[in-house]
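Chain by chain, the residues:
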Amino acid sequence: MSIEALIAQFGLPAVALGAALEGETVVLSGGLIAHQGLLPLHGVMAAAAIGSFVADQVFFLLGRRFRTHRLVRKITERPTFSRVLRLLERYPTGFILAFRFLYGFRTISPIAIGTSAVAARRFVLLNALAAVLWGIVIGGIGYSFGGAVELAFGHLRRHGHLALAIAALVAVATAIALLVRARLRRSIEAEDRPSN
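Residues numbered from 1 in each chain as written. Predicted model: local features only at pLDDT ≥ 70, side-chain atom pairs only at ≥ 80, totals over all residues. Heavy atoms only, no water.

K.L.:
Please explain the packing of aromatic side chains as it appears in this structure.
P.N.:
How two aromatic rings sit relative to each other is given by the distance of their centres and the angle of their planes. Scanning the model with the defined rule gives three aromatic pairs in all. Note on Phe-60 and Phe-123: the rings are 4.4 Å apart at their centroids and 10 degrees apart in plane angle, and the pair reads as stacked. Of the two residues, Phe-60 sits in helix H4 (residues 41–65) while Phe-123 sits in helix H9 (residues 120–153), which places them 63 residues apart along the sequence. The exposure class assigned to Phe-123 is buried, which follows from its relative accessible area of 0%. Taking 6.1 Å as the distance between ring centres and 35 degrees as the angle between the ring planes, the aromatic pair formed by Phe-95 and Phe-99 counts as tilted. Residue class for Phe-95 comes out buried when judged on its relative accessible area of 4%. For Phe-99, a relative accessible area of 0% puts it in the buried group. These aromatic residues form a ring-pair network of at least three members: Phe-95, Phe-99 and Phe-105. Stacked on the ring of Phe-99, the Lys or Arg Arg-100 has its end atom at 5.3 Å from the ring centre. (Phe/Tyr/Trp six-rings, centres within 6.5 Å; stacked < 30°, edge-to-face > 60°. Helix = DSSP H or I, 4+ residues; strand = E, 2+ residues; numbered from the N terminus. Buried < 20%, exposed > 50% of the residue type's maximum accessible area, 1.4 Å probe, protein only. Lys NZ or Arg CZ within 6 Å of the ring centre and 35° of its normal.)

K.L.:
How should the pattern of salt bridges be read in this particular structure?
P.N.:
Here the idea is simple: oppositely charged side chains can pair when their charged atoms come close. In total, this model carries one salt bridge according to the counting rule given. Linking Asp-56 and Arg-100 is a salt bridge whose minimum nitrogen-to-oxygen distance equals 2.4 Å. Taken together, the positions of Asp-56 in helix H4 and Arg-100 in the loop between helix H7 (92–98) and helix H8 (108–115) put the pair 44 residues apart, joining distant regions of the chain. Look at Asp-56 and you get buried, because its relative accessible area is 1%. (Salt bridge = Lys/Arg side-chain N within 4 Å of Asp/Glu carboxyl O.)

See below:
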């Protein structure tokens, strides 16, 4: 069953669950479906924020409570984990607000933050703010792409419209993720170079 079919069948709970488990693709699809008038846009944004917030709180608690467990220790051995900790150390508030927008950092970041000295209360507040912003931005992008595709191609049949919009979203999201990842990699490599 496709993402669109799941969202169409189960509505906002599917958006919340999808935001927790998968992320952007589900929320973008929810925004597209909201553009078609099948779901309320504010509901898609709220469901996305709730799903994202809950998932990141769970990952944070895993890092905080089970940091010595072998599965969490295995995650700490990944190169991305040390990058996350360096970014967190350098930009604590900014990184907590931004990690869910960074490709490749979404799941590992709250675990790493959980193993750090960041206070749980601070993480809850920043995570809530970031989840709301993420839900609004990603849901809004999906909704806007629905409008842009409709303007560009006219009123296509519902599935054609959705397929074109999802393809465009995936292309744009991939390009943005690759650019952000390259900039982060350059920043981390510059930090790692020994100074003369």
